[in-house]
Each structure stands twice: as structure tokens, then as C-alpha cells.
Amino acid sequence: MASILIIEDDQEVREYLENVLTRAGYEVAAAANGEEGLIRFKESVFDLVITDIIMPEKDGIETILDLRRENGALKLIAISGGGRSEPENYLHSARLLGADITMKKPFTNQEMLDAVSSLLG
Amino acid sequence: MRTRSTLIVSAAAAVLFWVLDALIDAFVFGEAEFLESLVQPNGYELYMRISILAALLLASVLAFSHSRRMAQAQDNILAGQRALEVRNRIAEIFLTGRLPQAYGTVLSLLCTESGCRRGLLGIVGPRGELEIVAVHPPSRRRDPDFFPPPCLPLAGLPHPWPDILLARAPRVIPGLTGLPAIDWSADGILAAPIRGSQDNLGLLVLGDRDRDFEEIDLEQVGALTTFLAPILQSLAQAAEREQQAIQAQKMEALGALAGGISHDFNNILQAIMGFAAMAREAVEPGSTPAQDLDRVLRAAQRGRDLVKRIEMVSFPAEESFRTLPLQDAITEAVGLLEHTAPANISILTDLDPDCGPILAHPPQIQQVLLNLGTNAIHAMEGDNGELTITLNRVSGDESVPWLPEDLAGHDLAVVRMTDTGGGMDGDTLQRAFDPFYTTKSVGKGTGLGLSVVHSIIKNHGGRILVESNPGKGTVIRICFPVCDPGPADRALEDGNGEDLKGRLMFVDDEEDITLFAKAFLEARGHLVAAFTDPETALEEFASRPGEYDLVISDLVMPRLTGDRLAARIREIRKDVPVILISGYAENEYDLRSANPAVAGLIRKPFTSQILARAVARALRDTTFSGEV
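By convention here, each chain's residues receive numbers from 1 onward along its written sequence. For naming, the first written chain is A and the first written ligand is 1, with later ones following in the order written. With the structure being a predicted model, the display of local features is reserved for residues of pLDDT at least 70 and the display and counting of side-chain atom pairs for 80 or more, all residues being used for whole-chain, interface and lining totals. Excluding hydrogens and water, the side-chain figures rest on all heavy atoms present in the structure.

1. Quick notes on the overall build of chain A
In step 1: Secondary structure counts use DSSP, requiring at least four H or I residues in a row for a helix and at least two E residues in a row for a strand, with both numbered from the N terminus. On a plain count of helices and strands, chain A comes out with five helices and five strands.
In step 2: Going residue by residue from the N terminus, the α and β elements of chain A occur as β-α-β-α-β-α-β-α-β-α.
In step 3: Among the 121 residues that make up chain A, the fraction classed as buried is 60%.
In step 4: Counting only contacts in chain A whose residues sit at least 6 apart along the sequence, the fraction spanning at least 24 positions is 70%. For every residue, the accessible area (1.4 Å probe, protein chains only) is compared with the maximum for its type, and the residue is labelled buried under 20%, exposed over 50%, or partly exposed between those bounds. Working rule for contacts: check all heavy atoms of both residues, and any pair within 4.5 Å makes them a contact.

Structure representation (C-alpha cells):
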């Protein structure tokens with residue numbers, strides 16, 4: 001069974017993603033920020049990382065760069081609810097980093113499950 | 001007075017002369033008895049005396065009339081000086097005072113100067129209403145800081161006020177004249193219109209004076225209103241500009257607000273929608289909890305749509321602009337509107353097939369047409385109605401009275417939407433484009449529609465003009481600059497799905513971005529040379545101009561900005577397109593029309609799909625024009 005790491009600072013969204021993916025039969029681990037996410041990522045093997053982009057401390061951009069350094073072939077989904085003032089430059093880079101799929105919040109359960117299964121085959 | 005005393009003095013002088021001459025004749029020359037000479041002078045004496053008296057009389061008459069003229073001239077000078085002083089004082093009040101208090105001070109000054117106990121100053125507002133900006137004596141109950149000046153619709157003014165306003169010159173109206181709407185009246189008034197170069201700006205009324213008004217008062221007040229007219233006109237223009245600035249600030253504030261709240265709202269909605277959908281799957285279909293959860297999901301969907309609309313006010317669209325024939329857009333919108341319009345409302349169109357296309361973001365234009373169309377249909381609800389949509393091309397050299405100055409000289413595509421609904425009053429019209437302003441009942445509309453329409457049209461380099469009167473329907477004109485299609489756009493419309501491969505130059509001062517753009521674009525089969533320094537990139541291009549098919553550059557970079565880089569590249573080779581990447585709210589229309597080298601604008605943040613699409617499009621365009 002494929003394993004997925006969720007990196008998301010918003011507690012409700014994090015719990016929702018854990019729930020929806022667990023119920024769909026994936027093995028799921030979650031982290032509340034980029035730093036914690038990287039520690040989790042090094043601890044075990046993941047087939048896919050879903051990361052939020054605007055997070056306090058270590059944001060999604062840095063996280064994606066670090067994850068790519070660890071594993072160049074890693075499958076990545078970046079999710080974001082927008083936000084435009086300061087975080088905007090990070091978002092710009094993040095999309096260019098080549099996250100396989102980027103999704104704008106809010107998305108439906110089916111959209112997320114379709115995105116995940118399209119990457120995990 | 002002066003005339004009588006002069007006469008008495010002259011008569012006394014004549015008598016004195018007569019007596020004196022008789023004395024001289026009797027005692028100096030001894031020609032006759034004194035009494036005889038006094039009463040019965042001989043022929044020669046009589047002739048002499050009468051001649052001398054006549055000469056004296058003539059001299060004194062001349063002297064008198066001269067002195068009278070002098071006195072009059074002096075009076076005129078004094079009156080002129082006084083008038084000048086009054087004007088200086090008025091100018092000073094308007095320069096240093098605050099509106100609307102300054103109007104009151106000026107009116108009080110004029111009343112005091114003319115000896116009138118009552119006065120009134122009214123100004124015709126931008127939407128044809130008479131704004132009573134000052135009354136004298138000032139009312140203590142209506143402090144202008146707390147009460148806006150009363151506005152009276154011109155159509156509802158009682159006799160003789162419309163006549164006063166439309167008159168060409170001041171006039172005196174005896175007896176009691178009143179304006180009941182503001183509880184003002186005066187016994188005997190001098191009423192003067194204030195006329196600008198083209199229209200009536202307002203009126204000045206002075207009244208309740210102890211002595212009657214005379215010709216000279218009419219002249220003076222007439223001169224005064226001529227002096228006041230340009231001042232009032234420029235004050236009105238300044239007020240209008242201030243109003244526009246406030247409107248712009250409001251839109252900006254909404255944009256900033258939208259950025260902050262949309263992020264949080266999207267997270268909140270994500271959790272609500274996600275959990276509700278999961279719970280919905282867990283409960284028995286058709287059960288009460290399932291129906292309740294459906295309601296939650298529907299409500300969340302509405303929230304999602306609302307956030308999308310808020311974002312559209314402030315966030316520019318990611319999609320690129322293309323040339324769009326408005327005829328197609330209107331026909332499509334009318335098709336949709338006809339489905340939603342009640343049967344008693346008909347939609348008529350008259351579209352000029354030769355009106356050129358515009359540079360536009362098609363879904364946004366669709367939104368503008370649908371929003372305005374739906375508003376028109378709502379305005380006609382309950383009655384038989386007609387919505388007429390016309391499309392015309394207005395050539396840049398035609399003079400059109402309603403055309404905004406900044407669009408003059410452009411060829412314009414003008415969409416005119418006329419409805420037969422209830423129209424809008426001045427207040428609603430003024431606030432129509434304010435975010436969150438709505439006349440619909442709670443739940444029927446968010447009030448965001450027209451502010452979105454406004455910002456979309458602005459982003460397209462266009463303008464929206466609204467004319468409306470209660471009971472007379474609404475006319476909305478949307479003007480867009482016409483963009484006659486280049487071969488590039490036709491190529492894209494005819495193009496097949498296959499991606500062309502090209503030799504690309506990618507310039508961005510952030511190294512991470514250049515690295516990943518290079519990796520991403522090379523993975524799609526392009527050859528990519530990436531640069532973090534725009535000047536180095538330019539040197540490289542200058543040394544091998546034939547080696548590149550397309551340049552993609554960040555807009556904001558130190559030393560050389562993307563648009564200047566584009567211009568320099570165009571100096572070297574005309575046919576190389578440049579795509580700019582920008583995070584700021586530049587107007588794509590402005591950038592592209594200012595710089596022919598700019599083939600497109602990608603907004604940050606963008607998806608890799610958008611980058612791929614923009615590259616494919618630019619490559620296809622150059623290939624096509626190469627073949628032509």
C-alpha cells in the first residue's frame with residue numbers, strides 16, 4: 001500500500017487529509033510544518049508528499065527544495081489556499097519547482113483522490 | 001440737496017452782485033442815485049449787469065456739473081474698491097476655508113454687504129439636483145459637519161425656482177418667495193443664476209432688505225455671479241476627483257482584504273467540505289443526516305463561489321489574454337440569459353459584424369456580460385420588458401459626447417445595454433460599483449457583482465458608463481479598445497495540439513527558479529539557456545541572435561527590468577517574442593500595447609501547465625508569422 005506524507009499547518013485541513021486518504025486505503029503520516037515534515041520524511045519511505053505552500057517557519061517552497069534534494073524523483077502535490085501579499089513570491093517559485101500537481105483549496109475529496117491515484121498509478 | 005444749496009448760493013451771489021454794482025455805479029462813478037441804480041438801472045447798466053450775471057451763471061453751472069461728475073467718479077471708485085475687496089475676501093474664504101462651511105461664510109458676507117437679512121446659495125450637483133450649500137442666517141440646528149447639504153431634485157422644485165435657475169440674468173421678485181423643502185423664505189428677493197460656460201451651475205438669492213432693490217444691485221450681483229462661476233466650477237471638479245480617489249482607495253482596500261481572507265476562508269471551507277463529504281458517504285443515502293450534510297455541502301459550495309468572486313476583484317487572472325470577437329461573446333451570453341429570463345422579457349440584439357475584436361480574457365468578458373444582463377433582467381422583473389444589446393465600432397476620430405477623455409483617439413468596440421426597467425436614483429447609481437453594495441434583499445445578492453465587473457473592464461483597458469433615471473430604465477455602455485487581430489492569434493485559434501520545440505532563453509534573478517524552469521522546459525523537449533543576470537543574458541543574445549526562438553524573462557529584476565530587456569532584444573532582432581513573468585498587478589493590455597516585443601504575460605504564481613502553454617503559444621505564433 002502506497003504511503004503518503006502530509007505537511008500542512010492548518011490543523012483541520014491536516015486532519016481532513018489524513019482522514020480522507022486513510023479511508024481510501026493509503027498509509028498516511030502527517031506533519032504540522034516543513035521542519036517536522038523533513039524529519040518524518042527521513043524516518044521512513046514515502047511514495048508521495050502533499051504539502052501546503054504557505055506555512056509558518058519552514059514554508060512549502062523550502063520544504064519542496066529540501067525534499068527534492070533528498071529524492072529527485074519524489075512525487076509531489078502542492079496545495080494552497082492563496083494569499084497574496086508577502087507569500088506571493090514563494091508561491092511563484094513553488095509552482096515552478098515542478099510539483100507534479102498543484103491544487104487550490106478548497107478541493108473536493110474526489111479531486112484529491114483522483115490526483116493522488118494519478119501519481120501513484 | 002447739493003443742487004438746492006447750489007441754487008441758493010447762486011441766487012444770493014447774483015443779488016449781492018446787483019447791489020454791489022449799484023453801489024459802485026452810485027458812489028464810485030456818481031452816475032445815478034443808489035436807489036435808482038438798484039431798482040431802475042439805465043439801459044447800459046442793465047445790459048452790463050445782465051451780461052456779467054449770465055457769464056457768472058454759465059461759469060457756475062459748468063463748475064457745478066464738473067464737481068458732480070467728480071463726486072460720481074469718486075463714488076464709483078469707492079464702490080469698485082468695495083466690490084474688489086468683497087471678491088478678494090470671497091477668494092480668500094474659498095482658498096483657506098473648508099467646504100461646506102466656506103459657502104456659508106461667503107453667503108453671510110454677501111448678505112451683510114448688500115444689507116439683506118436672508119440669503120441662499122444653491123449648486124447644481126453632478127446628477128442634476130440642487131444642493132443647498134448655504135442659507136443665511138445660518139441654522140444652528142444643521143451644523144454642516146453633521147448634516148449633508150439638502151439636495152432637491154430639479155424636477156420637483158416649486159415655482160419660481162426653476163425659472164430663476166434657467167434665467168440668463170438676475171432679476172427682482174417682489175413679495176414673499178419661499179422654498180418650503182428647506183423651510184426658507186424671504187420678503188422681496190434678488191435672484192441670480194450662476195452660469196458656467198455651458199450649463200447652469202447654481203443660484204444666488206438675496207432678500208429681506210429694508211430698501212428696494214435697484215438697477216445697480218442687479219448689475220452688482222450679476223457681476224458677482226460671473227466672478228463666482230469659475231470658482232464653483234473648479235470646486236465641483238475637485239470634489240469629483242476626490243470622490244474618484246476615494247472609490248479607487250475602496251477598491252484597493254478590498255483587494256488587500258481579499259488577499260488576507262481568501263487564504264483563511266479556503267482552509268476553513270476545505271475542512272468543512274471535506275469532512276461533510278466523508279460523513280455523507282458514511283451515512284445511509286436518503287436519510288435525514290444525509291440530507292442535512294447535503295445542505296452543508298451546498299452552503300460550502302456557495303462559500304467557495306463567494307471567495308472566488310472576492311479573489312477576482314483583486315487578483316488578476318492567470319489565463320492569458322487573446323483577441324476575442326465581441327459578437328461571439330455577446331451571442332453566447334444572450335443564449336444563456338434567454339434561459340434564465342422570464343417569458344415576458346425579450347432580449348434583442350443588433351451586433352455590427354465589422355466591429356473588430358478586443359484583447360480580452362474570454363471568461364471574464366462572459367462574466368461581465370452575464371452580470372450586467374442579469375441585473376437588467378432583474379430590474380425589469382414583474383413587467384413586460386425589453387433588453388437591447390447593441391455592438392458598434394466607434395472610430396477614434398469620431399467625436400462622441402459621452403466618451404471618456406482617456407479613450408479619445410482609440411478605435412473602440414462599444415457594447416450598449418438598454419433596459420426598460422425601473423432605473424436607478426442618483427444615490428444608487430453613485431454607489432452601484434461599491435463593493436458589497438446591493439439593492440437586492442439579503443441572500444439575493446452579495447453586492448460584489450458590479451465591483452467585479454468594474455475591475456475586469458479596467459483590467460481590459462476599457463471603461464463602463466452608466467446612465468439611469470428612476471422610471472426611465474438604464475443605459476450601460478462598455479467601451480473596449482479594438483484590437484485588430486494579428487496573424488498570431490488566428491494561428492492559435494487554428495493551431496493543432498502538437499507542441500513545437502524551441503530554443504529558449506530564460507532570465508530570472510532567482511537562481512532556484514531558473515534551475516527548475518530549465519529542468520521543466522527541457523523535460524518537455526526545449527533547449528533552454530538560463531540566466532540570473534539580465535545584462536549577461538542580453539550580451540549572450542547580442543552575440544548569437546539567430547540562436548533563440550523565444551525569451552522568457554522575469555519583469556522585476558535589478559539593473560535591467562524585463563520590459564527593458566524585451567525592448568533591447570527587439571532592437572537586435574524584431575521577430576523574437578518575449579514572455580514576461582510578473583507578480584504585480586500590471587495590466588497586460590498596457591504592457592503589450594506599450595511594447596510590441598512582449599508576446600505575453602505570465603502572472604505569478606503560475607502553474608507549470610501555464611508556463612508550458614505560454615511557451616507553446618509563443619512558438620506557434622512566430623512560426624506562423626515566419627511562414628506568412
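2. Observations regarding the overall build of chain B
In step 1: Scanning chain B from terminus to terminus reveals 17 helices and 18 strands.
In step 2: Long-range contacts, defined as pairs at least 24 residues apart, comprise 65% of the intrachain contacts of chain B with a sequence gap of at least 6.
In step 3: As presented, chain B carries roughly 33,600 Å² of accessible surface, and 56% of it is formed by carbon and sulfur atoms. Only the protein chains shown count as cover for residues, and all accessible areas are computed by the Shrake-Rupley method using a 1.4 Å probe.

3. Quick word on the packing of helix H2 (residues 34-43) of chain A against helix H3 (residues 60-70) of chain A
Residues and elements named next belong to chain A.
In step 1: For helices, the fitted line uses only the C-alpha atoms of the stretch in contact; every axis is such a line through C-alpha atoms, and the angle between N-to-C directions lies from 0 to 180 degrees. The contact between H2 and H3 brings their axes to 10 Å, and the two run at 15°. Overall, the two elements H2 and H3 adopt an arrangement that is roughly parallel. The element H2 and its partner H3 pack so that their crossing is right-handed. The segment H2 lies against H3, with Gly34, Leu38, Phe41 and Lys42 engaging Thr63, Asp66, Leu67 and Glu70. Should an angle lie under 35 degrees it is considered roughly parallel, over 145 roughly antiparallel, and from 65 to 115 roughly perpendicular; all remaining angles are considered oblique. We call a crossing left-handed when the near helix sits turned anticlockwise from the far one by less than a right angle, and right-handed when that turn is clockwise.

4. Some details on the packing of aromatic side chains
In step 1: Note on aromatic contacts: the rings of Phe and Tyr and the six-membered ring of Trp form a pair at centre separations within 6.5 Å, being stacked when their planes are under 30 degrees apart, edge-to-face when over 60 apart, and tilted otherwise. Tallying each qualifying case throughout the model produces six aromatic pairs over all chains.
In step 2: For the cation-ring pair, Arg49 of chain B lies above Trp18 of chain B, with the distance from its terminal atom to the ring centre recorded as 5.1 Å. Consider the ring centre and the ring normal. A charge sits over the ring if Lys NZ or Arg CZ is within 6 Å of that centre and within 35 degrees of that normal.

5. A look at the side chain of His526 of chain B
All names here are of chain B.
In step 1: Inspection of the secondary structure assignment puts His526 in the loop between helix H13 (511-523) and strand E15 (527-531).
In step 2: Accessibility expressed as a relative area gives 7% for His526, which makes it buried.
In step 3: Here a polar contact is recorded for every N or O atom pair within 3.5 Å, except that within protein the pair must consist of a potential hydrogen donor and a potential acceptor, and residues adjacent in sequence are included only if both atoms are side-chain atoms. From its side chain, His526 meets the backbone nitrogen of Gly502 in a polar contact 3.1 Å long.
In step 4: If sequence neighbours within four positions are ignored, His526 has contacts with Leu500, Lys501, Gly502, Leu504, Leu521, Val615 and Leu619.

6. Some words on the sheet that holds strand E3 (residues 48-52) of chain A
Residue and element names in this part refer to chain A.
In step 1: Strands qualify as paired when DSSP identifies two bridges or more between them. With respect to topology, five strands assemble into an open sheet ordered E2-E1-E3-E4-E5, the strand pairing being parallel. The strands lining the two open edges of the sheet, one partner per strand, are strand E2 (27-31) and strand E5 (101-104). Going from strand to strand, the sheet's axes swing by 20° on average, the running direction of each strand aside.
In step 2: Relative to strand E4 (residues 75-80), E3 is paired through five bridges, and the arrangement is parallel. Note on E4: the bridge partner recorded for Thr51 is Ala78.
In step 3: In the packing of H2 onto the sheet, the strands contacted are strand E1 (3-7), E2 and E3, and the crossing angle to E2 comes to about 140°.

7. Details of the sheet that holds strand E12 (residues 463-468) of chain B
Paired through backbone hydrogen bonds, the strands of a sheet run either parallel or antiparallel to each other.
All names here are of chain B.
In step 1: Strand order in the open sheet formed by five strands is E8-E10-E11-E13-E12, with mixed pairing between adjacent strands. Edge positions in the sheet fall to strand E8 (345-351) and E12, since each of these pairs with one other strand and no more. Averaged over all neighbouring strand pairs, the angle between strand axes comes to 15°, with direction disregarded.
In step 2: Where strand E11 (residues 412-418) meets strand E13 (residues 474-481), seven bridges bridge the pair, whose relative direction is antiparallel. Across the sheet, the residue bridging to Leu412 is Pro481, located in E13.
In step 3: Sitting on the sheet, helix H8 (residues 326-340) is in contact with E8, strand E10 (385-394), E11 and E13, with an inclination near 170° to E8.

8. Remarks on helix H4 (residues 101-114) of chain B
Residue and element names in this part refer to chain B.
In step 1: Taking 1.5 Å as the rise per residue, H4 with 14 residues should run 20 Å; its terminal C-alpha atoms sit 20 Å apart, in good agreement.
In step 2: Here H4 has its buried residues at Ala102, Tyr103, Val106, Leu107, Ser108, Leu109, Leu110, Cys111 and Ser114.
In step 3: One or two residues past the end of H4 sits Gly115, with phi positive at roughly 75°. What a helix should span is 1.5 Å times the count of its residues minus one.

9. Structural notes on the pattern of salt bridges
In step 1: Salt bridges are identified by distance alone: a Lys or Arg side-chain nitrogen within 4 Å of an Asp or Glu carboxyl oxygen. Enumeration according to the criterion identifies 21 salt bridges over all chains in this entry.
In step 2: One salt bridge in this structure joins Arg49 of chain B and Asp25 of chain B, with 3.2 Å as the shortest N-O distance. With a gap of 24 residues between them, Arg49 of chain B in helix H3 (residues 43-96) and Asp25 of chain B in helix H1 (residues 2-28) connect regions that are remote in the sequence.
In step 3: One salt bridge connects Asp292 of chain B with Arg295 of chain B, and the closest N-O pair in it is separated by 3.0 Å. In this pair, Asp292 of chain B and Arg295 of chain B are both assigned in helix H7 (residues 288-314), three residues apart and thus about one turn of the helix distant.
In step 4: Overall, Arg295 of chain B belongs to the partly exposed group, its relative accessible area being 47%.
In step 5: Connected through shared salt-bridge partners, Glu8, Asp52 and Lys105 of chain A make up one network.

10. Observations regarding the nonpolar core
Residue and element names in this part refer to chain B.
In step 1: Core analysis: the biggest nonpolar cluster contains 38 residues, and Leu326, Ile365, Leu372, Ile389, Val415 and Ile478 have the highest contact counts within it.
In step 2: Going through the elements one at a time, H8, E8, strand E9 (358-360), helix H9 (362-379), E10, E11, helix H11 (449-459) and E13 are the ones with two or more residues in this core.
In step 3: Excluding its chain neighbours within four sequence positions, the residues that come into contact with Leu372 are Met417, Leu450, Val453, Ile464, Ile476 and Ile478.
In step 4: Within the second largest apolar cluster, 31 residues are counted, among which are Val106, Ala192, Leu201 and Leu232. Nonpolar core, defined: a set of buried Ala, Val, Leu, Ile, Met, Phe, Trp, Tyr and Cys residues in which side-chain atoms within 4.5 Å join the residues together.

11. So, the packing of H3 of chain B against H4 of chain B
Residues and elements named next belong to chain B.
In step 1: Closest axis-to-axis distance for the H3/H4 pair is 9 Å, and the angle between their directions is 165°. Between H3 and H4, the crossing angle belongs to the class labelled roughly antiparallel. In this structure, H3 meets H4 at a crossing whose hand is right-handed. Taking contact as the criterion, the partners of Arg82, Val86, Arg89, Ile90, Ile93 and Phe94 in H3 are, on H4, Ala102, Tyr103, Thr105, Val106, Leu109, Leu110 and Glu113.

12. Remarks on the state of the cysteines
All names here are of chain B.
In step 1: In what follows, a disulfide is any cysteine sulfur pair within 2.5 Å. Tallied over the entire structure, the rule returns zero disulfides over all chains.
In step 2: For Cys111, which is in no disulfide, the shortest distance to another cysteine sulfur is to Cys116 and amounts to 6.0 Å.
In step 3: Looking at Cys111, the relative accessible area reads 1%, which means it is buried.

13. Examining unusual backbone geometry
Residue and element names in this part refer to chain B.
In step 1: Put simply, His136 and Pro137 share a cis peptide bond, and its omega is 0°.
In step 2: Each neighbour pair has its own omega, and for His159 with Pro160 the value is 5°, a cis peptide bond.
In step 3: Take Pro160: it is sitting in the loop between strand E3 (151-153) and helix H5 (161-166).

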